[in-house]
Amino acid sequence: DHRDLHSFPTRRSSDLMKVLITGGTGFIGSHTVVSLQEQGFEVVIVDNLSNSDSAVLNRIAKITGKESYFYCEDICNRDALKNIFSEHQDIVAVIHFAAFKAVGESVEQPLKYYHNNITGLVSLLEEMKSARIPNIIFSSSATVYGQPENLPATEDSPVLPATSPYGNTKQINEQILRDFLLVNQDLKGISLRYFNPIGAHPGGLIGELPIGTPNNLMPFITQTAIGKHAELKVFGNDYNTPDGTAIRDYIHVVDLAEAHVVAMNALLNNSLKENYSVFNLGTGNGFSVLEVIQSFEKTTGVKLPYRIVERRPGDVEQIYASTKLANEVLGWKAKYSLDDMTLSAWNWEKRLSEQHFSYDDKV
Ligand code: UD1
């Protein structure tokens, strides 16, 4: 059994484990840092702040009462990674969030995406290997499934050719991790395929901070409701779905964050059969664009101006997750409802508009 090959001890609850989070000031990263600190982990963050704000660090500390170590560095910078691993020789695992994620931009600027997302993972793995860090969790995406023939999508549904450089980087990264771990059986990794993460921390201190006009549905809804956009465009109502609009598996970002802690414990406790595993992270429920709008209007009491327009090129008709594997193997299940997601996203948008991330808030 490969699990006997390395001497990493089973985790005791009294141990304070230190983990490195790349992209820890981003949307999913920041919520995961909160969950990890709440579960007693010590956190080192590396983030170049290319799509986030350092004020997030203080917000995290306000929620958890704990500080994080922070390095404003690019993960493609090998010397920076070497330095972090040598300053924190007790790091036991890495969660790798740092990546670009805008589908349209990736079509316009493919090399930007291939450089950051591919070189970033390769340099991280090389430095992890030389620093003997045995565990990695990678942020993958349901985008690897394209439009599955059978729903719900299971982890062994075929990976279809990517429709954007962004999607391609997620597929290539999974392949890199699989190939790397095949010949490094003493190291372990997990790819987590996120469905559609939305919502925000219930206290309204952290959430999504889109730069420019958002491409994604939830931030566009909340920004429209607060008056930043005249109306939401609903991309297509002629899909083969009950109300004609496209269906996704929206998952509360706090549920998603907690799944990372559960996956981390599975790695640290050596409880997985293989040294590389893949899990879907979704609720298992599909909701249409119109259902998301209805939930938003119901929970917030705010009427949302919207208009049906053409389909958006590259969109799939419907996808939702089979969550069986994560339920059974990790013992994880999403807890929050769509209404929790839309309401928390709205509370976050209101907090953002009231009190911008002020300069004083920065560290
Ligand atoms: C997209 C990407 C996915 C990526 C994720 C995070 C694709 C096929 N999917 O997911 O790979 O991981 O973003 O960046 O490229 N919608 C509207 N009006 C809007 C915005 C969206 O009607 O203004 C609809 C879309 O058509 C879709 C749903 O809302 O049906 C969700 O869209 P979005 O939030 O952009 O997520 P995905 O496209 O599912």
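Report on the accompanying structure. Since the model is a prediction, treat every value here as computed from it, not as a measurement.

## Describing the sheet that holds strand β6 (residues 188-194)
Strand pairing in a sheet takes place through backbone hydrogen bonds and is either antiparallel or parallel in direction.
No. 1: Within the open sheet, the seven strands sit side by side as β3-β2-β1-β4-β5-β6-β11. Their pairing is parallel. Where the open sheet ends on each side, the last strands, each with one partner, are β3 (69-71) and β11 (276-281). Averaged over neighbouring strand pairs, the angle between their axes works out to 20° when direction is ignored.

## Some details on the site of the ligand
No. 1: What surrounds the ligand is a group of 20 residues, the closest being Leu-217, Lys-233, Arg-248, Arg-312 and Asp-315.
No. 2: One of the side-chain nitrogen or oxygen atoms of Ser-141 is found 3.4 Å away from an oxygen atom of the ligand.
No. 3: Within the contact set of the ligand, an oxygen atom lies 2.6 Å away from a side-chain nitrogen or oxygen of Arg-248.
No. 4: With four residues, the single largest contributor to the shell around the ligand is strand β8 (residues 232-235).

## Things to note about unusual backbone geometry
No. 1: Cis geometry is adopted by the peptide bond preceding Pro-152, which originates at Leu-151 and carries an omega value of 0°.
No. 2: Mapped onto the elements of the fold, Pro-152 is located in the loop between β5 (135-141) and α6 (165-182).
No. 3: Even without a glycine there, the phi angle at Leu-49 is positive, about 60°.
No. 4: Relative to the helices and strands, Leu-49 resides in the loop between β2 (42-46) and α2 (55-64).
No. 5: With a phi angle near 55°, Asn-270 is a residue other than glycine that sits in the positive phi range.

## Describing the pairing of β6
No. 1: Summarising burial for β6: seven of the seven residues are buried, a large majority.
No. 2: The alternating pattern of β6 places Lys-188, Ile-190, Leu-192 and Tyr-194 on one face and Gly-189, Ser-191 and Arg-193 on the opposite face, and all of these are buried.
No. 3: Bridge count between β5 and β6: seven bridges; the pairing is parallel. Looking at β6, one finds that Ser-139 is bridged to Leu-192.
No. 4: In this fold, β5 hands off to α6, which returns the chain to β6; that crossover is right-handed.
No. 5: Sheet topology note: the β6/β11 ladder contains six bridges and is parallel. Bridging from a neighbouring strand, Gly-189 pairs with Tyr-276 of β11.

## Looking at the packing of aromatic side chains
No. 1: Counted under the stated rule, the structure contains three aromatic pairs.
No. 2: Ring geometry for Phe-100 versus Tyr-113: centroids 5.5 Å apart, planes at 55°, classification tilted. On the criterion of sequence distance, the pair formed by Phe-100 in the loop between β4 (91-96) and α4 (103-108) and Tyr-113 in helix α5 (residues 110-130) is long-range, its members being 13 residues apart. Pair check on accessibility: Phe-100 and Tyr-113 agree, each one buried.
No. 3: Pairing Phe-296 with Trp-346 gives two aromatic rings, centres 5.5 Å apart and planes at 85°, and the pair type is edge-to-face. With Phe-296 in helix α9 (residues 289-300) and Trp-346 in helix α11 (residues 338-354), this residue pair connects regions lying 50 residues apart in the sequence.
No. 4: Residue Phe-296 is classed as buried on the basis of its relative accessible area, which comes to 0%.
No. 5: Residue classification places Trp-346 among the buried positions, given a relative accessible area of 7%.
No. 6: The ring of Phe-100 has Lys-112 sitting right over it, with the charged end atom 4.7 Å from the ring centre.
No. 7: Here Arg-311 stacks its cationic end above the ring of Tyr-239, 4.0 Å away from the centre of that ring.

## Remarks on the pattern of salt bridges
No. 1: Scanning all chains against the criterion turns up 14 salt bridges.
No. 2: Residue Asp-339 is joined to Lys-298 by a salt bridge in which the shortest nitrogen-to-oxygen separation is 2.7 Å. On the criterion of sequence distance, the pair formed by Asp-339 in helix α11 and Lys-298 in helix α9 is long-range, its members being 41 residues apart.
No. 3: Overall, the relative accessible area of 61% leaves Lys-298 in the exposed class.

## Notes on empty space enclosed by the protein
No. 1: A full pass over the atoms with the stated rule returns three cavities of 30 Å³ or more.
No. 2: Residue assignment for the lining of the largest cavity shows that the elements contributing at least two residues are α7 (217-225) and α11.

## Here's the deal with the packing of α7 against α11
No. 1: It is at 10 Å that the axes of α7 and α11 come closest, and there the two elements cross at 55°. The pairing of α7 with α11 is recorded here as oblique in orientation. Considering how the two elements wind past one another, α7 and α11 form a crossing that is right-handed. Between α7 and α11, the contacting residues are Met-218, Pro-219, Thr-222, Gln-223 and Ala-225 on the first element and Thr-342, Ala-345, Trp-346 and Glu-349 on the second.

## Details of the side chain of Ser-123
No. 1: Relative to the helices and strands, Ser-123 resides in helix α5.
No. 2: A distance of 3.5 Å separates a polar side-chain atom of Ser-123 from the backbone oxygen of Gly-120.
No. 3: Beyond its immediate chain neighbours, meaning those up to four positions away, Ser-123 contacts Ile-75, Cys-76, Arg-78 and Leu-81.

## Observations regarding helix α8 (residues 253-268)
No. 1: Its 16 residues give α8 an end-to-end C-alpha distance of 23 Å, which sits within 8% of 22 Å, the value for a rise of 1.5 Å per residue.
No. 2: With respect to burial, α8 is a largely interior element, 14 of its 16 residues being buried.
No. 3: A positive backbone phi angle near 55° is found at Asn-270, which sits one or two residues after α8.

Reading guide: rules and limits
Residues numbered from 1 in each chain as written. Predicted model: local features only at pLDDT ≥ 70, side-chain atom pairs only at ≥ 80, totals over all residues. Heavy atoms only, no water. Pairing = 2+ DSSP bridges. Helix = DSSP H or I, 4+ residues; strand = E, 2+ residues; numbered from the N terminus. Axes fitted to C-alpha atoms, helices over the stretch in contact; angles between N-to-C directions. Near = heavy atom within 4 Å. Polar contact = N/O pair within 3.5 Å; in protein donor to acceptor, adjacent residues only side chain to side chain. Buried < 20%, exposed > 50% of the residue type's maximum accessible area, 1.4 Å probe, protein only. Right-handed = clockwise from strand over helix to strand, strands pointing away. Phe/Tyr/Trp six-rings, centres within 6.5 Å; stacked < 30°, edge-to-face > 60°. Lys NZ or Arg CZ within 6 Å of the ring centre and 35° of its normal. Salt bridge = Lys/Arg side-chain N within 4 Å of Asp/Glu carboxyl O. 1 Å grid on protein atoms, 1.4 Å probe; cavity = no way out; pocket = protein on both sides within 12 Å on 5 of 7 lines; lining within 4 Å. Points joined across faces, edges and corners; volume = space filled by probe spheres on them. Parallel < 35°, antiparallel > 145°, perpendicular 65-115°, else oblique. Left-handed = near helix turned anticlockwise from the far one by under 90°. Contact = heavy atoms within 4.5 Å. Expected span 1.5 Å × (residues − 1).

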